[in-house]
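Descriptive structure summary
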Amino acid sequence: MNQPDPVVVEVIRNRLASVLFAGSIALKRAAYSTVITEADDFSIAIFDTRCQLVAQLDQLPIFLGAMPEPLRTFVDKFSYDEMQPGDVYISNDPFTAGGTHKNDINIMVPVFVQGILRLLVMSKAHWSDIGGKSPGSWSPDATTSFEEGLSIPSIRLIKAGQLNQDVLDLVLANTRLQTNNKGDLLAQISGCHVVIRGLDELFRKYDWELFSAVYNTILDRTEALVRRHISDIPDGVYRGFEQVDDDGVNSGPIPIDLDVIIEGSSLTVDFSRCPPQADGACGNSSYARTLSMVRTAVRSLTAINVPSNEGYFRPIRVVAPPGSVVHPVAPAPVTLGNHVARALREAIVSALSQAIPDRVVAGQFGGALTMIMSGADTARNREFIYVSPYAGGWGAGCRHDGTFPLMMLEGGRMRNVPCEVVEQLYPLRVESYALRPDSGGPGEWRGGLGIQTDLLVLAPELRLSVAMDRHRFPAPGLFGGENGAHSRLFVHDGNQDWREITKVAGYRLSRGSLISHRSGGGGGFGPPRARDPARVLADVVAGYVTPESARDRFGIVIVDGQVDAENSKSLREGQVEPSPRRRRPAGL
């Protein structure tokens, strides 16, 4: 067949995006859990029968490259000949089913065009609980996958429109939020069906042969664009390094030591020097998650404005030895693998900063820094599990300050749960939600600021599970830029003293306790004393930087809301000793 008309290609490409958007809205509105309805922790994608990603919205980067893995396990287990219209398949297992972690539930529905199976639609969404030792299935101290919740291999949930009630009962019986989980499951299925309905409408106008030619053209063009961008990077082997604070069980850091190899238009990330899989859940990234983060990192540094499809995967190869922290084998715990995923992405950035310094950014505030809070909501006569990720500061780059407050890069369009929703749905009161002054790493271009969120516990008893990242190794600066502030978490249980915690599962707090969550800032870019004095003044006026930090870190003296040019010049030339940096209180 001849190359399809370029106008038709663009019409179908945008039609696919519209179909996926409609499915996403349906899923979001039908879901029960705030981690989906407010935080947007879900995605929907379309694949062909060769397991090639045809189209996916740019919602959640951690899911962009991860969804082909569970799809392949469905296809390996169930032949296309036995799939029927009305079938629905489900999985979550990180080892047998290509999952990211157990909270992320995969739903797959086959798409038939004139009676022939042509496409596959998948949704992936984070359930607030999937069982395991801790509410929310968020256990940084887990040492095996068995402690992290129910494992669902690749199985058929609905056959030809007939629900297997026994399978559904088994899944829900192993979770703490059965009503929410059933609602989220039905929302995922509904989202897939809305996509299929949109595809049916598409195929009323375009036949399969034309559609197939169009999407293959889109994939090929995407690949060519990505290869062109990779070709702009000088050939070579570039070494990158980052660290995770600890694995949640052992106190030692987890090093991520890798090579990025550029050979013409191909890019390889080699993790062969990474350590063996860790004992704790914060020290291992499932293979699907590792693949996704490599692809996300490459995309962020090369062809960021390309469609999300198989084409941008093709030039990228990953070497991840089984049994390592980036490719653990069963029964390794992997729930909190976002910390390793964050570190491997930033190690790739560190490596390529040697080749493309104008296209990289300094370190970001951390991973998801999610808090899970659970207990009895006496006012509403129910048990609750509250799940929310938290935003922070991104690193600065060449000629731009770090952005804030945003979710981690791998979270894409994820959002925190709004304060009003928190107070409406849960026995919590938001005492404050504010930027952290001086948390952005100083530099010629300043890192983004972190966020401080203070919560008052109104429930009789609350259990807190959290896995803080960057409490030991803050976001690093680049090219003379300084580190961002550490991420920190303090709790006050009524004993008139604050306790800092980093990784806990089921930590008990009583009514009236305070929780102070402080996300870190991004790293700075370039020497701080090269920053434009006018920018330093603007930061002080906005409250992003204190006058003391302006003097001590940037060498700029602010007097009566103006830059003292003479004293600033002397300070920057080293003729005046910087004053001692003030210590900030650990409490509120």
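Computed from a predicted structure; not experimentally measured. (Residues numbered from 1 in each chain as written. Predicted model: local features only at pLDDT ≥ 70, side-chain atom pairs only at ≥ 80, totals over all residues. Heavy atoms only, no water.)

Our next topic: the overall build of the protein. Helix and strand counts for the protein come out as 13 helices and 22 strands. For the protein, the C-alpha radius of gyration of 25 Å lies close to 25 Å, the compact-globule estimate for 588 residues. Along the first, second and third principal axes, the C-alpha set of the protein runs to 80 × 60 × 40 Å. Of the contacts made within the protein by residues no fewer than 6 positions apart, 73% connect residues no fewer than 24 positions apart. As displayed, the protein has an accessible area near 22200 Å², and 50% of this comes from carbon and sulfur atoms. Here the protein contributes 59 positively and 66 negatively charged side chains, and the mean placements of these two sets differ by 1 Å. (Helix = DSSP H or I, 4+ residues; strand = E, 2+ residues; numbered from the N terminus. Rg over C-alpha atoms; globule rule 2.2 N^0.38 Å. Contact = heavy atoms within 4.5 Å. Areas by Shrake-Rupley, 256 points an atom, 1.4 Å probe, with all protein chains shown as cover. Lys, Arg positive; Asp, Glu negative; His and termini not counted. Charge placed at Lys NZ, Arg CZ, Asp CG, Glu CD.)

Moving on: the confidence of the model for the protein. Per-residue confidence for the protein gives a mean pLDDT of 93, with 97% of residues at or over 70. A low-confidence stretch, residues 575–588 stays under pLDDT 50, and its non-local contacts, those more than four residues away or across chains, total 27 contacts. (pLDDT = per-residue confidence, 0-100.)

Domain annotation for the protein reports domain 1 (6–224) and domain 2 (361–526). Of note, the centres of domain 1 and domain 2, computed from C-alpha atoms alone, are 30 Å apart. Opposite the 26 residues of domain 1 that make contact, domain 2 presents 26 residues. Carbon and sulfur atoms supply 63% of the area that domain 1 and domain 2 bury against each other, a total of about 2000 Å² over both sides. Among the residues of domain 1 in contact with domain 2, Glu38, Pro135 and Trp138 are the three that bury the most area, contributing 30% of the side total. Counting every contact that joins domain 1 to domain 2 gives one salt bridge. Residue Asp40 pairs with Arg415 through a salt bridge whose shortest N-O separation is 3.8 Å. There are three residue pairs in polar contact (both at pLDDT 80 or more) connecting domain 1 and domain 2. (Domains from an automatic or database assignment. Buried area = accessible area lost by both parts, 1.4 Å probe. Salt bridge = Lys/Arg side-chain N within 4 Å of Asp/Glu carboxyl O. Polar contact = N/O pair within 3.5 Å; in protein donor to acceptor, adjacent residues only side chain to side chain.)

In this section: the side chain of Asp247. Positionally, Asp247 belongs in the loop between strand E8 (236–244) and strand E9 (254–263). For Asp247, which is buried and forms no salt bridge, the nearest opposite charge comes from Lys503, at a distance of 8.0 Å. At 2.6 Å, the side chain of Asp247 and the backbone nitrogen of Asn250 are in polar contact. Setting aside anything within four residues of it in sequence, one finds Asp247 in contact with Pro140, Gly252, Ile254, Ala278, Asp279, Gly280, Ala281, Cys282 and Gly283. (Buried < 20%, exposed > 50% of the residue type's maximum accessible area, 1.4 Å probe, protein only.)

Take the packing of aromatic side chains next. The final tally for this structure, using the stated rule, is 12 aromatic pairs. Measuring from centroid to centroid gives 4.9 Å for Tyr312 and Phe313, while their planes differ by 65°, and the two rings are edge-to-face. Like Tyr312, the residue Phe313 is buried in the burial classification. With 6.0 Å between their ring centres and 55° between their planes, Phe384 and Tyr426 make a pair best called tilted. A residue pair is termed long-range when its members are at least 10 positions apart, and Phe384 in strand E13 (residues 382–388) and Tyr426 in the loop between helix H10 (419–425) and strand E14 (428–435) qualify at 42 residues. Among the residues examined, Phe384 registers a relative accessible area of 1% and is labelled buried. Residue Tyr426 is classed as buried on the basis of its relative accessible area, which comes to 8%. Site record: aromatic cluster; members linked through ring pairs are Phe203, Trp208, Phe211 and Tyr215. Against the face of Phe63 rests Lys124, its NZ or CZ located 5.4 Å from the ring centre. Sitting over the ring of Tyr312, Arg299 keeps its end group 5.1 Å from the ring centre. (Phe/Tyr/Trp six-rings, centres within 6.5 Å; stacked < 30°, edge-to-face > 60°. Lys NZ or Arg CZ within 6 Å of the ring centre and 35° of its normal.)

Our next topic: the pattern of salt bridges. Overall, the coordinates contain 33 salt bridges when judged by the stated rule. Between Asp257 and Arg239 there is a salt bridge, with its nearest N and O atoms 2.5 Å apart. Pair noted here: Asp257 is in strand E9 and Arg239 is in strand E8, with a separation of 18 residues, a long-range link. What makes Arg239 partly exposed here is its relative accessible area of 49%. Where Glu242 meets Arg470, a salt bridge forms, and the shortest distance between an N and an O atom there is 3.3 Å.

A few words now on the packing of helix H1 (residues 6–30) against helix H7 (residues 208–231). Two numbers describe how H1 lies on H7: the axes approach to 10 Å, and their chain directions differ by 90°. When the axis of H1 is compared with that of H7, the two are roughly perpendicular. Contacts between H1 and H7 pair Val8, Val9, Ile12, Arg13 and Leu16 from the former with Leu210, Phe211, Val214, Thr217, Ile218 and Arg221 from the latter. Taken together, the residues of the contact of H1 with H7 sort by class into eight nonpolar, one polar and two charged. (Axes fitted to C-alpha atoms, helices over the stretch in contact; angles between N-to-C directions. Parallel < 35°, antiparallel > 145°, perpendicular 65-115°, else oblique. Nonpolar A, V, L, I, M, F, W, Y, C, P; charged D, E, K, R; others polar.)

Strand pairing in a sheet takes place through backbone hydrogen bonds and is either antiparallel or parallel in direction. If you walk across this open sheet you meet the five strands as E14-E15-E20-E17-E18, and the pairing is antiparallel. The open sheet terminates on both sides in strands that have one partner only, identified here as E14 and strand E18 (498–500). Adjacent strand axes in the sheet meet at a mean angle of 20°, parallel and antiparallel pairs treated alike. With seven bridges connecting them, E14 and strand E15 (residues 451–457) associate as antiparallel partners. Bridge assignment links Arg429 to a residue of E15, and that residue is Leu456. (Pairing = 2+ DSSP bridges.)

What follows concerns the side chain of His517. Tracing the sequence through the fold places His517 in strand E20 (residues 514–518). At 3.0 Å, the side chain of His517 and the backbone oxygen of Leu369 are in polar contact. Apart from residues lying up to four places away in sequence, His517 is in contact with Leu369, Met371, Tyr390, Ile451, Gln452, Thr453, Asp454, Met468, Arg488 and Leu489.

Relative to the elements of secondary structure, Leu291 occurs in helix H8 (residues 287–301). Owing to a relative accessible area of 6%, Leu291 belongs among the buried residues under this scheme. For Leu291 and Phe271, which are 20 residues apart along the polypeptide, the C-alpha to C-alpha distance reads 11 Å. Those residues in contact with Leu291, other than ones at most four positions away along the chain, are Gly65, Glu69 and Val318.

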